[in-house]
Amino acid sequence: MDPILLLKALFLGIVEGLTEFLPISSTGHLIIVGSLLDYTNEQSKVFKIVIQLGAILAVCWDFRERIGKALGGLGSDPVQQRFAGLLLTGFLPAAVLGLLFHSTIKTYLFNPLSVAGALIVGGFLILYIERKAYHPRVNSIDDMRWPDALKVGFAQAMAMFPGTSRSGATIMGGLIFGLSRKTATEFSFFLAIPTMFAATVYDVYKNWSLLHMADLPVFAIGFVASFVAAMLTVKALLRYVSNHDFTVFAWYRIVFGVVVLLTAEMGWVEWTA
């Protein structure tokens, strides 16, 4: 196995784990970094699916007690049934719109320059939202109603545009719709579980012919790196949001997006899809 390819897998796995739950777009980063590393072949399509699964399993592990309690109470506990209903409601917009537009979006928008533009626009939106004075009326997930979950679900669906950020859209959307910062962040994590599992299954089905046993070492390294990096990021983000807003992430998005566009305009980097 090519050691350079294994290093690329390790680096991209770390990038996925670090960015999946931050409001800076993991998909966008994988597209840009993958292009920079010249890892955009057919194998890379399946690789990105595998490492995204590693990131979501890290959340499942971190919240295993809450998830286990929810699954155990589905048959008899109204509180857990309600929690599951909120997740299903929030999941539906992305599921429906994803089935309708998934192929079109991947064909035309999965390229570094589109991502850079989305990073910049999203950054300015975060700055605008953070400067508004919001007064949360929902201070825990248990206080959420199905309209709250549905609104956050539609916000999540906006993240089908690469560079938008699924977590950024759901958290910022949650703030706009009356959720506290901590509630919006936690619901974003939980909502990622059915959303990303569904996206993984769908992508594996669509790209089944690209799966080869010879690629297992590359996938394994990326998966483990993503899992570990995501575990560290989730814990750090939950601590961070208790005392900070997301302004720093907004400026990061803007600067990163401008750098990508500038390097393309000046001809310093030949970005490929």
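You'll find the structure just up there.
Everything numeric in this text was worked out from a predicted model, so none of it was measured.

**Q** Any chance you could explain the overall build of the protein here in plain terms?
**A** From N to C terminus, the protein includes 11 helices and 0 strands. Order of helices (α) and strands (β) in the protein, N terminus to C terminus: α-α-α-α-α-α-α-α-α-α-α. Its C-alpha radius of gyration of 18 Å places the protein within 12% of the 19 Å reference for a compact globule of 273 residues. Here the C-alpha coordinates of the protein stretch approximately 50 × 40 × 35 Å along the principal axes. Within the protein, buried positions represent 49% of all 273 residues. Accessible surface, the protein: about 13,200 Å² in total, of which carbon and sulfur atoms supply 69%. For the protein, the distance from the average site of its 20 positive side-chain charges to the average site of its 18 negative ones is 7 Å.

**Q** When you look at the side chain of His29 in this model, what are you seeing that I'm missing?
**A** One can find His29 in helix 2 (residues 26-36). Among residues more than four places away in sequence, those in contact with His29 are Val15, Thr19, Ile24, Gly34, Tyr252 and Phe256.

**Q** Would you explain the packing of helix 5 (residues 78-108) against helix 7 (residues 146-157) in this entry?
**A** For any two helices packed against each other, the geometry comes down to the angle between their axes and how far apart the axes lie. Contact geometry of helix 5 with helix 7 gives a least axis separation of 7 Å together with a crossing angle of 30 degrees. Classed by the angle they form, the pair helix 5 and helix 7 counts as roughly parallel. Considering only the axes of helix 5 and helix 7, their crossing is right-handed. Residue-level contacts link Leu86, Thr89, Gly90, Pro93, Ala94 and Leu97 of helix 5 to Trp146, Ala149, Leu150, Gly153, Phe154, Gln156 and Ala157 of helix 7.

**Q** In this structure, what is going on with the nonpolar core? I would like to understand it.
**A** In summary, soluble globular proteins display a tendency toward joint burial of nonpolar side chains. Judged by nonpolar contacts, the single largest core of 44 residues is most densely connected at Phe21, Val59, Met144, Phe187, Phe190 and Phe246. Of all the elements, helix 9 (residues 181-206) adds the most residues to this core, at 8 residues. Contacts of Val59, omitting those with residues within four sequence positions, involve Phe21, Phe189, Ile193 and Val234. One finds Leu30, Val33, Val46 and Leu210 within the second-largest nonpolar core, a separate group that totals 13 residues.

**Q** Hey, could you run me through the packing of aromatic side chains in this one?
**A** How two aromatic rings sit relative to each other is given by the distance of their centres and the angle of their planes. Per the counting criterion, the structure on display carries 9 aromatic pairs. Summarising the aromatic geometry, the rings of Phe21 and Phe189 are spaced 5.5 Å apart at their centres and angled 90 degrees between planes, so their arrangement reads as edge-to-face. On the criterion of sequence distance, the pair formed by Phe21 in the loop between helix 1 (3-19) and helix 2 and Phe189 in helix 9 is long-range, its members being 168 residues apart. We classify Phe21 as buried; its relative accessible area is 0%. Between Phe246 and Phe249 the ring centres are 5.6 Å apart and the planes differ by 65 degrees, which places this aromatic pair in the edge-to-face class. With respect to burial, Phe246 and Phe249 carry one shared label: buried. Each member of the aromatic cluster is reached from another via a ring pair, and the members are Phe21, Phe63, Phe83, Phe189 and Phe190. The cationic tip of Arg64 hangs over the ring face of Trp61; the distance from NZ or CZ to the ring centre is 4.0 Å. Its end group placed over the ring of Phe246, Arg181 keeps NZ or CZ at 5.5 Å from the ring centre.

**Q** Could you clarify how one ought to interpret the pattern of salt bridges in this entry?
**A** Note that side chains of opposite charge can pair when their charged atoms are close. Counted by the stated rule, this structure contains 7 salt bridges. Ionic pairing is found between Lys45 and Glu42, a salt bridge with its closest N-O pair at 3.1 Å. Of this pair, Lys45 and Glu42 both sit in helix 3 (residues 42-62), 3 residues apart, which is roughly one turn of the helix. Accessibility expressed as a relative area gives 39% for Lys45, which makes it partly exposed. The partly exposed category is assigned to Glu42, whose relative accessible area is 42%. Between Asp148 and Arg137 there is a salt bridge, with the nearest N and O atoms lying 2.6 Å from each other.

**Q** Hey, could you run me through the environment of Ile24 in this one?
**A** The topology assignment puts Ile24 in the loop between helix 1 and helix 2. The spacing of Ile24 and Tyr205 is 181 residues in sequence and 27 Å in space, taken between C-alpha atoms. When near neighbours in sequence (up to four residues on either side) are disregarded, Ile24 contacts Thr19, His29, Leu119, Ser165, Phe249, Tyr252 and Arg253.

**Q** Would you take a moment to explain a nonpolar patch on the surface for this structure?
**A** On the surface, Ile4, Leu7, Leu10, Ile14, Leu18 and Ile221 cluster together into a nonpolar patch covering about 490 Å² of accessible area. Here the nonpolar patch gets 5 residues from one element, more than from any other, and that element is helix 1. Relative to the helices and strands, Ile221 resides in helix 10 (residues 216-241). For Ile221, a relative accessible area of 30% translates into the label partly exposed.

**Q** Would you take a moment to explain unusual backbone geometry for this structure?
**A** What you tend to see is this: most non-glycine residues have negative phi, and most peptide bonds are trans. The backbone of Ser25 shows a phi angle near 75 degrees, a positive value even though the residue is not glycine. Its identity as a non-glycine residue notwithstanding, Ser165 has a phi of 90 degrees, on the positive side. Position of Ser165 among the secondary structure elements: in the loop between helix 7 and helix 8 (166-176).

Cut-off values and rules
Residues numbered from 1 in each chain as written. Predicted model: local features only at pLDDT ≥ 70, side-chain atom pairs only at ≥ 80, totals over all residues. Heavy atoms only, no water. Helix = DSSP H or I, 4+ residues; strand = E, 2+ residues; numbered from the N terminus. Rg over C-alpha atoms; globule rule 2.2 N^0.38 Å. Buried < 20%, exposed > 50% of the residue type's maximum accessible area, 1.4 Å probe, protein only. Areas by Shrake-Rupley, 256 points an atom, 1.4 Å probe, with all protein chains shown as cover. Lys, Arg positive; Asp, Glu negative; His and termini not counted. Charge placed at Lys NZ, Arg CZ, Asp CG, Glu CD. Contact = heavy atoms within 4.5 Å. Axes fitted to C-alpha atoms, helices over the stretch in contact; angles between N-to-C directions. Parallel < 35°, antiparallel > 145°, perpendicular 65-115°, else oblique. Left-handed = near helix turned anticlockwise from the far one by under 90°. Core = buried A, V, L, I, M, F, W, Y, C linked by side-chain atoms within 4.5 Å. Phe/Tyr/Trp six-rings, centres within 6.5 Å; stacked < 30°, edge-to-face > 60°. Lys NZ or Arg CZ within 6 Å of the ring centre and 35° of its normal. Salt bridge = Lys/Arg side-chain N within 4 Å of Asp/Glu carboxyl O. Patch = residues over 30% accessible without salt bridge, like charges linked within 9 Å, V, L, I, M, F, W, Y side chains within 5 Å.

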